[in-house]
Amino acid sequence: MKTDVLVVGGGIAGAAVSYYLAQEGVDVVLIEARDLNTQASGTNAGSIHVQIQHPEFVSMGAGWARSYGPTLRLLMASQALWLGLSDELGVDLDVRLTGGLLVATTPAQMQAIEAKAVIERGFGVDIEMLDRDALRQRAPYLTADAIGAGFCPGEGKANPLKATRAFAAAAQKMGAKIITETRMTALEPTRGGYLAQTERGPIAARRVVNAAGAAAADVARMLGLNIELQGFPLQVTVTEPVATMIPHLVYSAAGKLSAKQALNGTCLIGGGWPARLRADGSLATDPASLAGNMVNAARVIPALARARAVRSWTAVVNGTADWRPIIGEASGQPGFFLSLFPWMGFSAGPMTARLTADLVVGRAPRLSLKGISVLAD
Ligand SMILES: Cc1cc2nc3c(=O)[nH]c(=O)nc-3n(C[C@H](O)[C@H](O)[C@H](O)COP(=O)(O)OP(=O)(O)OC[C@H]3O[C@@H](n4cnc5c(N)ncnc54)[C@H](O)[C@@H]3O)c2cc1C
């Protein structure tokens, strides 16, 4: 088989890159080792983040936050894309951007939120500081111990079960070919581009996009490239449906938490809690993480203490140590592109893909990647 662009990976990054390329009339084949949307993109917590995550601000500090700042522009641009995606793709993706609340229960936490907000505002992110009364008015469901919060209006949620499949369906409609249950096992440069070996035979491509998520370093290694990206096992929990009470994406300044309520009433509780990796490579939920996550959730949203958790699941997130994305053409490998946004790649997926497609067709990216992608430094 021959194609102009071979996209490796059928998560949100690969499906969206295929969509944007097919929309421009580019001949695209997407190859996915399993089924579409079965890894991080279909198993994540569905938060649309714009702000710097508070636990990382606390652990890595203001200097790191300032160096990460330009990446907030990509997250904001992606949030703007999310707003129009349901109409564009013709599928209701349950996008609700009603704002994120980072809740404080101590003065020290308020100070840290304010310090983070100063940096975020410097990169154009709108963060409003709410005192106890303003918070109580806006979010009466929060603990009475809350003394204030940072409110980020653009944040919210979308449905991870729908988004990647909607991108893939729209890409297919525009002529992209999607091959599932087929792993790429080797990749080598040729005179006209690349030759991929797959479980169903070779594919010759002029250009290749590595959108393999947590396995992207393995794919890059096929060409002898080392990239600083790894997989980290995480877990998320969902409760039974409860009365509608949480319109926001809720975080805690006391520890790892993201909590939100889906349209069917269930509450999704996560925030980066680790799952266990068994010796055979399979994943298992970690009871200590479950307990820690639920305690944090119930401390901030007391009604959650009465909601029964019905299921926890695990998945591997693509992570980089400094949280910065890897987007662009690999140096020394013309025509080999990386489309990798770590940790918050669901939120950033649409814009990461849009920028990758710009680069693949040889255009300047619509948002400069300087200071954002490690490949653009
Ligand atoms: C539990 C959890 C919760 C999360 N919560 C959030 C959240 O709330 N908000 C947010 O923004 N982000 C969240 N994330 C992060 C986000 O889900 C990921 O960053 C994002 O989905 C990455 O998308 P991707 O397309 O790059 O990777 P993936 O969705 O992992 O897709 C990569 C695909 O590549 C395929 N592949 C790999 N190697 C090969 C090969 N050799 N040949 C063919 N195919 C291959 C894989 O099978 C996979 O389907 C969370 C992640 C996890 C795990």
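## Section: the site of the ligand
Okay, so step 1: E32, S41, S47, N318 and S347 are the nearest of the 39 residues found near the ligand.
Okay, so step 2: For the ligand, an oxygen atom lies 2.6 Å from a polar atom in the side chain of E32.
Okay, so step 3: In this structure, an oxygen atom belonging to the ligand sits 3.2 Å away from a main-chain N or O atom of A40.
Okay, so step 4: In isolation the ligand exposes 1000 Å². Once the protein is present, 96% of that is buried.
Okay, so step 5: When contributions to the shell around the ligand are tallied by element, the ones reaching two or more residues are helix 1 (12-23), helix 2 (40-43), strand 12 (230-239) and strand 18 (309-319).
Okay, so step 6: Element by element, the count of residues in the shell around the ligand is highest for strand 18, at 4 residues.
Okay, so step 7: Of the residues belonging to the shell around the ligand, the class tally is 21 nonpolar, 15 polar and 3 charged.
Okay, so step 8: Each of domain 1 (2-43 + 162-229 + 322-376) and domain 2 (98-153 + 230-319) contributes no fewer than three residues to the shell around the ligand.

## Observations regarding helix 10 (residues 349-360)
Okay, so step 1: Spanning 12 residues, helix 10 covers 16 Å between terminal C-alpha atoms, matching the ideal 16 Å at 1.5 Å per step.
Okay, so step 2: Among the 12 residues that make up helix 10, 11 are buried, leaving the element largely enclosed by the rest of the structure.
Okay, so step 3: Buried within helix 10 are the following residues: G349, P350, M351, T352, A353, R354, L355, T356, A357, D358 and V360.
Okay, so step 4: Immediately beyond the C-terminal end of helix 10, within one or two residues, lies G362, with a positive phi of roughly 90°.

## A short note on the pattern of salt bridges
Okay, so step 1: Inspection of every chain in the model, using the stated rule, returns 15 salt bridges.
Okay, so step 2: Here E24 ties to R363 by a salt bridge, and the two come within 2.6 Å at their closest N and O atoms. Residue E24 is located in the loop between helix 1 and strand 2 (28-31), and its partner R363 is located in the segment after helix 10; the two are separated by 339 residues in the primary sequence.
Okay, so step 3: Note on E24: relative accessible area 35%, which makes it partly exposed.

## What to know about helix 5 (residues 107-122)
Okay, so step 1: For helix 5, built from 16 residues, the straight-helix expectation of 22 Å at 1.5 Å per residue is met to within 8% by its first-to-last C-alpha distance of 23 Å.
Okay, so step 2: Residues of helix 5 that are buried include every one of Q109, M110, I113, K116, A117, I119 and E120, and no others.
Okay, so step 3: Structurally, helix 5 contributes buried residues whose contacts are with helix 3 (54-68), helix 4 (70-89), strand 4 (100-104), strand 5 (128-131) and strand 6 (148-152).
Okay, so step 4: Two residues or fewer after helix 5 comes G124, characterised by a positive phi angle close to 95°.

## Points about the packing of aromatic side chains
Okay, so step 1: Under the counting rule described, the total for this entry stands at 8 aromatic pairs.
Okay, so step 2: With centroids separated by 4.9 Å and ring planes inclined at 50°, the aromatic side chains of W82 and F346 adopt a geometry described as tilted. On the criterion of sequence distance, the pair formed by W82 in helix 4 and F346 in the loop between strand 20 (336-340) and helix 10 is long-range, its members being 264 residues apart. The exposure classification of W82 matches that of F346, with both residues buried.
Okay, so step 3: Cluster of aromatic residues (ring-pair linked, three or more members): Y19, Y20 and F167.
Okay, so step 4: R138 extends its terminal NZ or CZ atom over the ring of F151, reaching a point 4.5 Å from the ring centre.

Rules behind the numbers
Residues numbered from 1 in each chain as written. Predicted model: local features only at pLDDT ≥ 70, side-chain atom pairs only at ≥ 80, totals over all residues. Heavy atoms only, no water. Near = heavy atom within 4 Å. Polar contact = N/O pair within 3.5 Å; in protein donor to acceptor, adjacent residues only side chain to side chain. Areas by Shrake-Rupley, 256 points an atom, 1.4 Å probe, with all protein chains shown as cover. Helix = DSSP H or I, 4+ residues; strand = E, 2+ residues; numbered from the N terminus. Nonpolar A, V, L, I, M, F, W, Y, C, P; charged D, E, K, R; others polar. Domains from an automatic or database assignment. Expected span 1.5 Å × (residues − 1). Buried < 20%, exposed > 50% of the residue type's maximum accessible area, 1.4 Å probe, protein only. Salt bridge = Lys/Arg side-chain N within 4 Å of Asp/Glu carboxyl O. Contact = heavy atoms within 4.5 Å. Phe/Tyr/Trp six-rings, centres within 6.5 Å; stacked < 30°, edge-to-face > 60°. Lys NZ or Arg CZ within 6 Å of the ring centre and 35° of its normal.

Spatial relationships are all this shows, so hold off on functional conclusions.
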